[in-house]
Amino acid sequence: MSALAINLEEVHEPSVEEIDAARIAARQLSQLNRGNRPLSFVARREDGETTEPAEPISLPANIFRVIVNMLVEMGNGNAVAVVPVTAELTTQQAADLLNISRPHLIKLLEREELPYRMVGTHRKLPAKAVLAYRDKTIFSRRQALGRMVALDEELGLYDDEQVGTRD
């Protein structure tokens, strides 16, 4: 089985200028993001000239939404990487993506919570499985937080006064 390996070292946090540009572009493009019809546009350079050829570029609506979502993330200061679902990650890349330590990831692998295959002495994890695990843990955390808030409200521990304000 051969799968694409990715290089996350090429990913960098956006600069202040890139964050600002991404915010503006996301805001402008999100206004066009309506429905499921393809979108067409003509690309222009900053000097106003059209690129050659000056034919409209057409994007399916789902691809356009992915681009807008990437711009939103960059506008929030997050680094963005395109990871094909067929890609394989090293244990360090998977740990970084999950925001956990590599030793903790190894424990998850030993408990068979994530699939992997051995390539010589190295473990390779399918990116699709790592992303699904991340989504599952985020969902579980949100559910637990919701239960904690409900319990606090039930016990009368929830207080909507701001902490640290003086009267």
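What you are looking at is a predicted structure, and each value in this text was computed from that prediction instead of being measured.

Caption draft 1: Spatial organisation of the overall build of the chain. Check the secondary structure of the chain and you find 5 helices and 5 strands. When the helices and strands of the chain are placed in sequence order, the string is α-β-β-α-β-α-α-β-β-α. Within the chain, residue pairs in contact and separated by at least 24 positions form 54% of the contacts whose partners lie at least 6 positions apart. If you sum the accessible surface of the chain, you get close to 12900 Å²; carbon and sulfur atoms cover 53% of it.

Caption draft 2: Geometry of the nonpolar core. The biggest cluster of nonpolar side chains holds 14 residues, and the ones touching the most others in it are Ala94, Leu98, Leu105, Leu109, Leu114, Leu125 and Val130. Put simply, the parts of the chain that give this core at least two residues each are helix H3 (91–98), helix H4 (102–110) and helix H5 (127–154). Residue contributions to this core peak at 4 residues, all from H4. In this structure Leu109 touches Thr91, Leu114, Tyr116, Arg123 and Leu125, once residues within four positions along its chain are discounted.

Caption draft 3: The arrangement of the layout of surface pockets in detail. Computed from the structure, the second largest pocket encloses a volume of approximately 180 Å³. Lining the second largest pocket are Asp96, Leu97, Leu98, Asn99, Ile100, His104, Leu108, Tyr133, Arg134, Thr137, Ile138 and Arg141. Of all the elements in the fold, those that place two or more residues in the lining of the second largest pocket are H3, H4 and H5. A total of 5 residues in the lining of the second largest pocket trace back to one element, the largest contributor, which is H5. Of the residues in the lining of the second largest pocket, the class split is 6 nonpolar, 3 polar and 3 charged.

Caption draft 4: Layout of the packing of aromatic side chains. For the structure on display, the rule yields 0 aromatic pairs. When the ring centre of Tyr116 is taken as reference, the NZ or CZ atom of Arg123 above it lies at 5.8 Å.

Caption draft 5: Fine view of unusual backbone geometry. Phi at Asn99 is positive, roughly 60°, even though this residue is not glycine. Within the secondary structure, Asn99 sits in the loop between H3 and H4. Taking relative accessible area as the criterion, Asn99 reaches 72% and is therefore assigned exposed. With a phi angle near 60°, Glu112 is a residue other than glycine that sits in the positive phi range.

Caption draft 6: The arrangement of the pattern of salt bridges in detail. Applying the stated rule across the entire model yields 3 salt bridges. One salt bridge connects Glu88 with Arg117, and the closest N-O pair in it is separated by 2.6 Å. Pair noted here: Glu88 is in strand E3 (residues 88–89) and Arg117 is in strand E4 (residues 117–119), with a separation of 29 residues, a long-range link. With relative accessibility at 27%, the residue Arg117 sits in the partly exposed group. Linking Glu113 and Arg111 is a salt bridge whose minimum nitrogen-to-oxygen distance equals 2.8 Å.

Caption draft 7: Seen up close, the sheet that holds E3. Judged by pairing direction, the sheet is antiparallel, and its 3 strands sit side by side in the order E3-E5-E4 without closing on themselves. Looking at strand neighbours, the two that pair on one side only are E3 and E4, the edges of this open sheet. Inspection of the sheet shows E4 paired to strand E5 (residues 122–126) by 3 bridges, in the antiparallel sense. Its bridge partner lying in E5, Val119 is registered against His122.

Caption draft 8: Structural context of the pairing of E5. Relative to E5, E3 is paired through 2 bridges, and the arrangement is antiparallel. Each bridged residue has a counterpart across the sheet, and for Glu88 the counterpart in E5 is Pro126. The antiparallel pairing of E4 with E5 creates a hairpin that spans 2 residues between the two strands, and Gly120 there sits at a positive phi of about 70°.

Thresholds applied
Residues numbered from 1 in each chain as written. Predicted model: local features only at pLDDT ≥ 70, side-chain atom pairs only at ≥ 80, totals over all residues. Heavy atoms only, no water. Helix = DSSP H or I, 4+ residues; strand = E, 2+ residues; numbered from the N terminus. Contact = heavy atoms within 4.5 Å. Areas by Shrake-Rupley, 256 points an atom, 1.4 Å probe, with all protein chains shown as cover. Core = buried A, V, L, I, M, F, W, Y, C linked by side-chain atoms within 4.5 Å. Buried < 20%, exposed > 50% of the residue type's maximum accessible area, 1.4 Å probe, protein only. 1 Å grid on protein atoms, 1.4 Å probe; cavity = no way out; pocket = protein on both sides within 12 Å on 5 of 7 lines; lining within 4 Å. Points joined across faces, edges and corners; volume = space filled by probe spheres on them. Nonpolar A, V, L, I, M, F, W, Y, C, P; charged D, E, K, R; others polar. Phe/Tyr/Trp six-rings, centres within 6.5 Å; stacked < 30°, edge-to-face > 60°. Lys NZ or Arg CZ within 6 Å of the ring centre and 35° of its normal. Salt bridge = Lys/Arg side-chain N within 4 Å of Asp/Glu carboxyl O. Pairing = 2+ DSSP bridges.

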